[in-house]
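# Structural features, examined
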Amino acid sequence: MKKVVILTQKPFSSMAVDGIKEILEAKEYSVVIVEKYKTIDETYETIKDANALIVRSDIIDETVMDHAPELEIIVRAGAGYDSIDLAAASKRNIVVENTPGQNANAVAELVFAMMLYNARHHFNGSTGSELRGKKLGIQGLGAVGKNVARIADGFGMDVYYFDYTFPTEVASERGVQFAGTLENLYKTCQYITIHIPLSESNQHSINYDLISLMPKNAVLINTSRSEVVDDDDIMRILAERPDFSYLADVPCAYMEEMGEKYSDRSLFSLKKCGAQTAEANNNAGMAAANQIVNFFESGIKKYQVNP
Ligand code: 3PG
């Protein structure tokens, strides 16, 4: 009998957990849930005989894998797998998969919630501005970026994109225009929303030189990973440009200081919540469960991300 551990420091909704269990228990796998753990070592006893893990942003490194010698597959119920040591997994013949697109709409909707909250001055009653007719730049046209483009169309925004995976123009999505270069995207758009996966080469790549290109009343939205922006540079630009706002669903080294000095132009969620909707939990969680069944029953590794 296969043992699957749902290892989520940030829990799924109970409905999503029920859905995951139903799929796995139909195959007579045993399912154990470990949520809200404080430190990963608390989980070692439970994972020591696990054949599969379903995780979110949980850090699964070499040490964790060594405590789970029976592990055959780890499914990241979500998009970004930067919290999993892929090389260590490959070395141990562990398949790592993600569930691309399953939580994308939730993240995209949060982008608009943040933009509106900022444009309406945190709902304080003073005169704000509208999104219609404003230029929105999407950095990274993956699943989240495409959902942002779809919603932006309804808001009547003028949408541009740049994507390193498609450095030349791809078939345009609902009138989304190719910016040509990343610099041009930043130069053109008052609003920029970041949707790139974290990689070794893009850490701190969104920096002073790039952000400084943005036009008047610039708003930078980061719902991807904190490491892709340079926190020192964000702080410097907030100080230099009273027309610049930074809205983030990821932490920043200067979060508290920004909150004190620039409370009207900086915004942070209390806890990363882009993917934290009932729908996204269901979609990503159940996709993960189905992928585990497909792997164990038929050897399918369609969403494998490690070499
Ligand atoms: C993702 O990579 O899928 C998102 O960042 C969501 O992450 P979470 O599952 O930890 O909320």
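Note that the structure is a prediction, hence the values are computed from the model and not measured.

## Quick look at the side chain of glutamate 97
- Assignment of secondary structure puts glutamate 97 in strand E5 (residues 95-98).
- Of note is the side chain of glutamate 97, whose polar atom sits 2.8 Å from the side chain of glutamine 291.
- Ignoring any residue separated from it by four or fewer positions in sequence, one finds glutamate 97 in contact with Ile73, Ile74, Val75, Arg76, Gln291, Ile300, Lys301, Lys302, Tyr303, Gln304 and Val305.

## As for the packing of helix H1 (residues 14-25) against helix H11 (residues 278-298)
- H11 packs onto H1 with a crossing angle of 15 degrees between their chain directions and a minimal axis gap of 9 Å. The pairing of H1 with H11 is recorded here as roughly parallel in orientation. By crossing handedness, the relation of H1 to H11 is classed as right-handed. From H1, Met15, Ala16, Gly19, Ile20, Ile23 and Leu24 reach across to H11, where they touch Asn281, Asn282, Gly285, Met286, Ala289, Asn290, Ile292 and Val293.
- Of the residues contributing to the contact of H1 with H11, the split by class is nine nonpolar, five polar and no charged.

## With respect to the site of the ligand
- Lining the immediate environment of the ligand, one finds Lys10, Arg56, Ser57, Arg76, Gly78, Ala79, Gly80, Asn103, Arg225, Lys272 and Ala275.
- In the model, an oxygen atom of the ligand is placed 2.9 Å from a nitrogen or oxygen of the arginine 56 side chain.
- A distance of 2.9 Å separates an oxygen atom of the ligand from a polar side-chain atom of arginine 225.
- For the ligand, the protein covers 93% of the area, taking 320 Å² as the surface of the free molecule.

## Section: the pairing of strand E7 (residues 158-162)
- Across the five residues of E7, four count as buried, placing the element largely inside the fold.
- Note that strand E6 (residues 135-139) and E7 share five bridges and pair parallel. Within E7, the residue paired with isoleucine 138 across the bridge is tyrosine 161.
- As for the winding sense of the linkage, the β-α-β connection from E6 through helix H6 (residues 143-155) to E7 is right-handed.
- The pairing of E7 with strand E8 (residues 177-178) spans two bridges and is classified as parallel. By the bridge assignment for E8, tyrosine 161 is matched with phenylalanine 178.

## What to know about H6
- The first and last C-alpha atoms of H6 sit 19 Å apart over 13 residues, in line with the 18 Å expected at 1.5 Å per residue.
- Buried within H6 we find Val144, Gly145, Asn147, Val148, Ala149, Ile151 and Ala152.
- Taken together, the buried residues of H6 touch helix H5 (104-119), E6, E7 and strand E9 (191-194).
- Of the residues one or two after H6, glycine 156 is the one with positive phi, at around 75 degrees.

## Some details on the domain arrangement of the protein
- Each assigned domain of the protein is listed here: domain 1 (3-102 + 277-298) and domain 2 (104-268).
- Taking only C-alpha atoms into account, the centre of domain 1 sits 31 Å from that of domain 2.
- On the side of domain 2, five residues touch domain 1, which itself brings seven residues to the contact.
- Summing both partners gives a buried area of about 430 Å² for domain 1 against domain 2, and 52% of it is carried by carbon and sulfur.
- On the domain 1 side of the contact with domain 2, Asp82, Gly101 and Thr277 bury the most area, a combined 70% of that side's loss.
- Our count for the domain 1 to domain 2 interface comes out at one salt bridge.
- The shortest N-O distance in the salt bridge between arginine 225 and aspartate 82 comes to 3.0 Å.
- Between domain 1 and domain 2 we count two residue pairs in polar contact (both at pLDDT 80 or more) in total.
- Considered class by class, the residues forming the side of domain 1 that touches domain 2 number one nonpolar, four polar and two charged.

## Some points on H11
- Across its 21 residues, H11 extends 29 Å between first and last C-alpha, which sits within 8% of the 30 Å expected from 1.5 Å per residue.
- Glycine 299 sits one or two positions beyond H11 and adopts a positive phi of about 70 degrees.

## A short note on the sheet that holds strand E11 (residues 245-248)
- The sheet built from seven strands is open, its strands ordered E8-E7-E6-E9-E10-E11-E12 with parallel pairing. Edge strands, defined here as strands with exactly one partner in the open sheet, are E8 and strand E12 (266-268).
- Across three bridges, E11 lies against E12 in parallel orientation. Among the inter-strand pairings, tyrosine 246 is bridged to a residue of E12, identified as serine 266.

Criteria and cut-off values
- Residues numbered from 1 in each chain as written.
- Predicted model: local features only at pLDDT ≥ 70, side-chain atom pairs only at ≥ 80, totals over all residues.
- Heavy atoms only, no water.
- Helix = DSSP H or I, 4+ residues; strand = E, 2+ residues; numbered from the N terminus.
- Polar contact = N/O pair within 3.5 Å; in protein donor to acceptor, adjacent residues only side chain to side chain.
- Contact = heavy atoms within 4.5 Å.
- Axes fitted to C-alpha atoms, helices over the stretch in contact; angles between N-to-C directions.
- Parallel < 35°, antiparallel > 145°, perpendicular 65-115°, else oblique.
- Left-handed = near helix turned anticlockwise from the far one by under 90°.
- Nonpolar A, V, L, I, M, F, W, Y, C, P; charged D, E, K, R; others polar.
- Near = heavy atom within 4 Å.
- Areas by Shrake-Rupley, 256 points an atom, 1.4 Å probe, with all protein chains shown as cover.
- Buried < 20%, exposed > 50% of the residue type's maximum accessible area, 1.4 Å probe, protein only.
- Pairing = 2+ DSSP bridges.
- Right-handed = clockwise from strand over helix to strand, strands pointing away.
- Expected span 1.5 Å × (residues − 1).
- Domains from an automatic or database assignment.
- Buried area = accessible area lost by both parts, 1.4 Å probe.
- Salt bridge = Lys/Arg side-chain N within 4 Å of Asp/Glu carboxyl O.

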